[in-house]
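# Notes for the structure review
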Amino acid sequence: QVHLVESGGGLVQPGGSLRLSCAASGSIFSINGMGWYRQAPGKERELVALTTTGGITNYAESVKGRFTISRDNAKNTVNLQMNSLKPEDTAVYYCNYRQPRSAFWGQGTQVTVSS
C-alpha cells in the first residue's frame, strides 16, 4: 500500500499562483510515476501533469507554460507549481502514484480561482 498526503490548495485570484505538494509513504517501488489529476464539477477527471523516476514529464495542453511539476525521488514527493491561474483551473486536484500493476490516489485538495 502507498499513502499519499496532499497540501497547498486554496482560493486564489485569476493570474495568481499556488503550489501543491504530495508526499508518498509506504511500499514505494523504485520505478514509479507521480502526478496530478483534476476534476471539475460535472466533468471527468483529467490528467494535469505527471513525472516518472526516469525523468519523463507530461502536461495537459491546457496547462503547458503555466504549470511546472517537480519531484524529489529521495523524499518521494511531487510538487505542482501553478502560475497564471485561470477560473477554468478550478477543480479538486488529486495526487496520483503509480507503479507496475497498481495505482493510488490522494484524498484531493480544492483549488478555486475566482475574483
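Now for a look at the structure at hand. All values reported here derive from a predicted model rather than from experimental measurement. (Residues numbered from 1 in each chain as written. Predicted model: local features only at pLDDT ≥ 70, side-chain atom pairs only at ≥ 80, totals over all residues. Heavy atoms only, no water.)

## A few points about the state of the cysteines
- Scanning the model with the defined rule gives one disulfide in all.
- The partner cysteine of Cys22 in its disulfide is Cys95, sulfur to sulfur 2.1 Å. Measuring handedness by torsion sign, the sulfur bridge of Cys22 and Cys95 sits at about -85 degrees and is left-handed. With a gap of 73 residues between them, Cys22 in strand β3 (residues 18-26) and Cys95 in strand β9 (residues 91-99) connect regions that are remote in the sequence. (Disulfide = S-S within 2.5 Å. Helix = DSSP H or I, 4+ residues; strand = E, 2+ residues; numbered from the N terminus.)

## Examining the sheet that holds strand β7 (residues 67-72)
- Here four strands make up an open sheet; going across it, the order is β1-β3-β8-β7 and the pairing antiparallel. Each edge of the open sheet is held by one strand with a lone partner, namely β1 (2-7) and β7. Direction aside, neighbouring strands of the sheet carry axes that sit 15 degrees apart on average. (Pairing = 2+ DSSP bridges. Axes fitted to C-alpha atoms, helices over the stretch in contact; angles between N-to-C directions.)

## Side note on the packing of aromatic side chains
- Using the criterion set out here, one finds three aromatic pairs in the structure.
- Residues Tyr94 and Trp105 carry aromatic rings whose centres are separated by 6.5 Å and whose planes lie at 90 degrees to one another, so their mutual orientation is edge-to-face. On the criterion of sequence distance, the pair formed by Tyr94 in strand β9 and Trp105 in strand β10 (residues 102-105) is long-range, its members being eleven residues apart.
- Residue Trp105 is classed as partly exposed on the basis of its relative accessible area of 39%.
- Between Tyr97 and Phe104, the aromatic rings sit 6.3 Å apart at their centres with planes inclined by 40 degrees, giving tilted as the arrangement. The residues Tyr97 and Phe104 share a single accessibility class, namely buried. (Phe/Tyr/Trp six-rings, centres within 6.5 Å; stacked < 30°, edge-to-face > 60°. Buried < 20%, exposed > 50% of the residue type's maximum accessible area, 1.4 Å probe, protein only.)

## Describing the layout of surface pockets
- Reported here for the largest pocket is a volume of approximately 160 Å³.
- Residue lining of the largest pocket: 13 residues in total, with Arg38, Ala40, Lys43, Glu46 and Glu88 positioned closest to the centre. (1 Å grid on protein atoms, 1.4 Å probe; cavity = no way out; pocket = protein on both sides within 12 Å on 5 of 7 lines; lining within 4 Å. Points joined across faces, edges and corners; volume = space filled by probe spheres on them.)

## Considering the nonpolar core
- Counting 28 residues, the largest nonpolar core has Leu4, Trp36, Leu80, Met82 and Tyr93 as its most contacted members.
- For this core, the elements supplying multiple residues, two or more each, are β1, β3, β4 (33-39), β5 (46-52), β7, β8 (77-82), β9 and β11 (109-113). (Core = buried A, V, L, I, M, F, W, Y, C linked by side-chain atoms within 4.5 Å.)

## With respect to the environment of Leu80
- Checked against the element boundaries, Leu80 lands in strand β8.
- Assessed through its relative accessible area of 0%, Leu80 is described here as buried.
- Sequence separation between Leu80 and Val48 is 32 residues; the distance between their C-alpha atoms is 9.4 Å.

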